[in-house]
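# Chains, contacts and geometry: an overview
Given next are the chains, with one letter for each unit.
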Amino acid sequence: MKASILAAAIACGLASTGALAASPSGIDLKGIDHAVQPGDDFNGYANGAWIKTAQIPADRASTGVFLEVFQKAEKRNADLIKAAGAGNPAAGSNERLIADYYKAYMDEAGIEKNGLKPLQPQLDAIAAIRDKKALSTALGAQLRADVDPINATNLHTEHLLGLFVAQGLEDPSKNVPYLLQGGLGMPNRDYYLKTDKDMVDARTKYATYVQAILAAAGDKDAAGEAKAIVALEMKIAQAQESIVDSEDVHKANNPWPRTAFASKAPGIDWDAYFTAAGLADQPTFVVWQPATVTRLAALVGSEPVDTWKAWLRFHAINEVAGGLIGKKFDELSFDFYGKTLTGTPKMRDRWKRGVGRVNADLGDAVGQIYVKQYFPASSRAEVQGMVKNILAAFDQRVDKLEWMTPATRQKAKAKIATIKVGVGYPDTWRDYSKLVVKPDDAAGNAERASLAEFAHQKAKLGKPVDRDEWWMTPQTVNAVNLPLQNALNFPAAILEAPFFDPKADPASNYGSIGAVIGHEISHSFDNLGAEFDAQGRLANWWTEADQKHFKEAGQKLVEQFNAYEALPGVHVNGQQTLGENIADVSGLTIAYAAYKQSLGGKEAPVVDGLTGDQRFFLAFAQSWREKTRDAALRSQLVGDVHAPGNFRAQTVRNLDPWYDAFKPKPGQKLYLDPNQRVKIW
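Residues numbered from 1 in each chain as written. Predicted model: local features only at pLDDT ≥ 70, side-chain atom pairs only at ≥ 80, totals over all residues. Heavy atoms only, no water.

Now for the overall build of the protein chain. What the protein chain contains, in helices and strands, is 29 helices and twelve strands. Scaling as 2.2 N^0.38, a compact globule of 681 residues should have a C-alpha radius of gyration of about 26 Å, and the protein chain matches this with 25 Å. Counting only residues that meet the buried cut, the protein chain has 59% of its 681 residues in that class. Residue pairs in contact within the protein chain that sit at least 24 positions apart in sequence constitute 74% of those at least 6 positions apart. With the model as given, the accessible surface of the protein chain reaches about 26,100 Å², and the carbon-plus-sulfur share is 52%. In the protein chain, the 77 positive side-chain charges and the 80 negative ones have mean positions that sit 2 Å from each other. (Helix = DSSP H or I, 4+ residues; strand = E, 2+ residues; numbered from the N terminus. Rg over C-alpha atoms; globule rule 2.2 N^0.38 Å. Buried < 20%, exposed > 50% of the residue type's maximum accessible area, 1.4 Å probe, protein only. Contact = heavy atoms within 4.5 Å. Areas by Shrake-Rupley, 256 points an atom, 1.4 Å probe, with all protein chains shown as cover. Lys, Arg positive; Asp, Glu negative; His and termini not counted. Charge placed at Lys NZ, Arg CZ, Asp CG, Glu CD.)

Have a look at this one:
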């Protein structure tokens, strides 16, 4: 998934093939393993029977409920995309753009024939670099809007730096540019710096991959170039900040005047860099990782020009190796990024990757068609009602927090009142009319779409902030909180069974999509969101005593997740995943409160032998069912801000009503004494 910028998002990579079995309760009764005690392993109890039989598809790194919902959306998207060209749509129309983009990607013979030809102007420009000024120009020309400072799955970019555009941290009235670290071909710096066997093995295979890509491109000294590139990336990794440090927004608030870059980060010709990036007139940038930018600039100044040219050449090819320049590159790319890094044995079918490409580059064009056909107004209204109920439950919850002082409570309630919630789809759509899409130029289409996105983001600089802007497409199976906008997006594609079923039992709806909604609302008040006020301004609105309590509760959650061992000797990083874990605990808490209020004081019926509370908690746990290949799980533990789904399902151990529903006993593995249970919101 491409999660939204500064987003705290649900991990769409945690996915499912086995559909939840239909039952009056909305619970997959056959998936429950009654041999497991809920108090020892609630995930094992709720999902154990499913786990024993579920098969991870050969072209996937994992399986779970998210994949089930994703596959439904993928099939719909494929049908819409294939139908877009019917009737010879007008030139420049969304339908024509969609049809031509997909046609170009599916034209494997044409792509094979073109080979590296679409890249040749870029490769020739790299070959012509002779000095550090020309190098700085080349580095500036490759700047793109392709980074996410919070969601770790997008924390890296193959470009040396990445641009992120959003409202200012202290002045929310206008959009400002943020610069973030990049430069790596592997997922993040830990792949370069960690010394355990798996990471060492990944580095060895990466070096082999770099050499193979360059050899396939015809480089005579591919081995020597690959050695220099990997050595350079080791230095780039050493220059980068960790995910945990990058999550600390207070370390990110570093406005640098455009004229100060030369003194703060010598080594790059910043005039040449920003001119090439089309940002020469921008007066100020917020540098998210200032020490890293200084160190990266020093590397530009100290490392040989030829090494940087080799690095630029490799990354120019590597960016399009996955399906855009021929079969040999495609297979090499999948062998490393698919088989080695995630353990996935089979490449996804071409049509599936084509659908993904179209959605990535023409997302709103497809989205407009998608919602007309698959997301009725009645579903939008029902989910909006659930959101309203859950926001009200959060507001009431704040009123009852014994530890919170009146001053902080007033600010928290003001923030709740101003949260902007988008359900299903945006009210305004992206205009693609100026994007050139050719039916015989797959690589060129991808590059022009990337440049169009970059231009779209740059055009927002200095302009007032649009709080109605969406950072996801309607056909995305995900949800997001945007702390700077104090806004939430719930795309149409996630508002599907088993997450949301308008015909289902309220307990299962509130336990699944209700917990998702609560999760995203809670991100406005997690360890990151709590740093922003009702206007999205970085501001401390807490009393000292309240902030102390909040941080102490968060630390208890850090320690709780640090204890979870995901692979032999490899534990969840409780600090790295803290924001998501706070959102899970708090979101489940308010979803439960909203569910109880929805009953209007009546007792929920027993359905399928389960009480309403039991159905609620089982629906939550079954939403997080998953099986993941070890390599992909290791990658997630290293580079993702989300804990694995099996541990997220255990969140229930912090809620008192779960104890009433399933009667866990002291001494069981999940049992927590009341004073050990983490209660934040």
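Let's shift gears to the side chain of Arg353. Mapped onto the fold, Arg353 is located in helix H17 (residues 350-361). Not counting chain neighbours up to four residues away, the residues in contact with Arg353 comprise Tyr105, Gly322, Gly323, Asp330, Met347 and Arg348.

All right, on to the packing of helix H19 (residues 377-400) against helix H25 (residues 578-598) then. When two helices pack together, their arrangement is given by the angle between the helix axes and by the axis-to-axis distance. Running from amino to carboxyl end, H19 crosses H25 at an angle of 110 degrees, the nearest separation of the two axes being 8 Å. As judged from the angle between their axes, H19 and H25 are roughly perpendicular. Between H19 and H25, the residues in contact are Asn389, Ile390, Ala393, Phe394, Gln396 and Arg397 and Thr589, Ile590, Ala593, Ala594 and Gln597, respectively. For the contact of H19 with H25, a count of residues per class yields six nonpolar, four polar and one charged. (Axes fitted to C-alpha atoms, helices over the stretch in contact; angles between N-to-C directions. Parallel < 35°, antiparallel > 145°, perpendicular 65-115°, else oblique. Nonpolar A, V, L, I, M, F, W, Y, C, P; charged D, E, K, R; others polar.)

Here we take up empty space enclosed by the protein. By the definition in use, this model includes four cavities of 30 Å³ or more. Its boundaries defined by the atoms lining it, the largest cavity holds a volume of some 90 Å³. Lining the largest cavity are 13 residues, and of these Ser512, Ala515, Val516, Phe620 and Trp624 lie nearest its centre. At three residues, helix H23 (residues 513-522) tops the list of elements feeding residues into the lining of the largest cavity. Its residues assigned to classes, the lining of the largest cavity comprises eight nonpolar, four polar and one charged. (1 Å grid on protein atoms, 1.4 Å probe; cavity = no way out; pocket = protein on both sides within 12 Å on 5 of 7 lines; lining within 4 Å. Points joined across faces, edges and corners; volume = space filled by probe spheres on them.)

Most of strand S4 (residues 175-181) sits out of view: seven of its seven residues are buried. Relative to S4, strand S3 (residues 161-167) runs antiparallel, the two being bridged by seven bridges. In the sheet register, Val165 faces S4, and the bridge partner there is Pro177. Of the strand pairs in this sheet, S4 and strand S6 (residues 284-287) are connected by two bridges, and their pairing is parallel. Opposite Leu179, over in S6, you have Val287 as the bridge partner. (Pairing = 2+ DSSP bridges.)

Before going further, it helps to examine the pattern of salt bridges. All chains considered together, the criterion is met by 36 salt bridges. Among the salt bridges present, the one from Asp349 reaches Lys346, with a minimum N-O distance of 3.2 Å. A residue is classified by how much of its surface remains accessible, and Asp349, at 32% relative accessible area, is partly exposed. Its salt-bridge partner being Lys460, residue Glu469 comes within 2.9 Å of it at the nearest N-O pair. Given a relative accessible area of 16%, Glu469 falls into the buried group. (Salt bridge = Lys/Arg side-chain N within 4 Å of Asp/Glu carboxyl O.)

Looking now at the sheet that holds strand S5 (residues 255-257). With mixed pairing, four strands are arranged side by side in an open sheet as S3-S4-S6-S5. The open sheet terminates on both sides in strands that have one partner only, identified here as S3 and S5. Geometrically, the sheet is characterised by an average inter-axis angle of 35 degrees between neighbouring strands, direction not taken into account. In this fold helix H14 (residues 290-302) packs onto S3, S4, S5 and S6, with an angle of close to 45 degrees to the strand it touches most, S5.

Here we come to the nonpolar core. With 94 residues, the main nonpolar core has Phe42, Ile517, Ile521, Phe617, Leu618 and Trp681 as its most contacted residues. Tallying contributions element by element places H25 first for this core, with nine residues. For Ile521, the residues in contact, after removing those within four places along its chain, are Ile390, Leu391, Phe394, Ile419, Asn481, Leu488 and Ile590. Among the nonpolar cores identified, the runner-up in size contains 91 residues, and Ala226, Ala237, Ala239 and Ala316 belong to it. (Core = buried A, V, L, I, M, F, W, Y, C linked by side-chain atoms within 4.5 Å.)

Attention shifts here to the environment of Gln555. By the secondary structure assignment, Gln555 is in helix H24 (residues 544-562). The class for Gln555 is partly exposed, based on a relative accessible area of 37%. Once the C-alpha coordinates of Gln555 and Val678 are considered, the two residues, 123 residues apart in sequence, prove to be 9.5 Å apart.

On the surface, a cluster of negative charge is made up of Asp107, Glu108, Glu112 and Asp440. With respect to the secondary-structure elements, Asp107 resides in the loop between helix H3 (94-106) and helix H4 (108-114). (Patch = residues over 30% accessible without salt bridge, like charges linked within 9 Å, V, L, I, M, F, W, Y side chains within 5 Å.)

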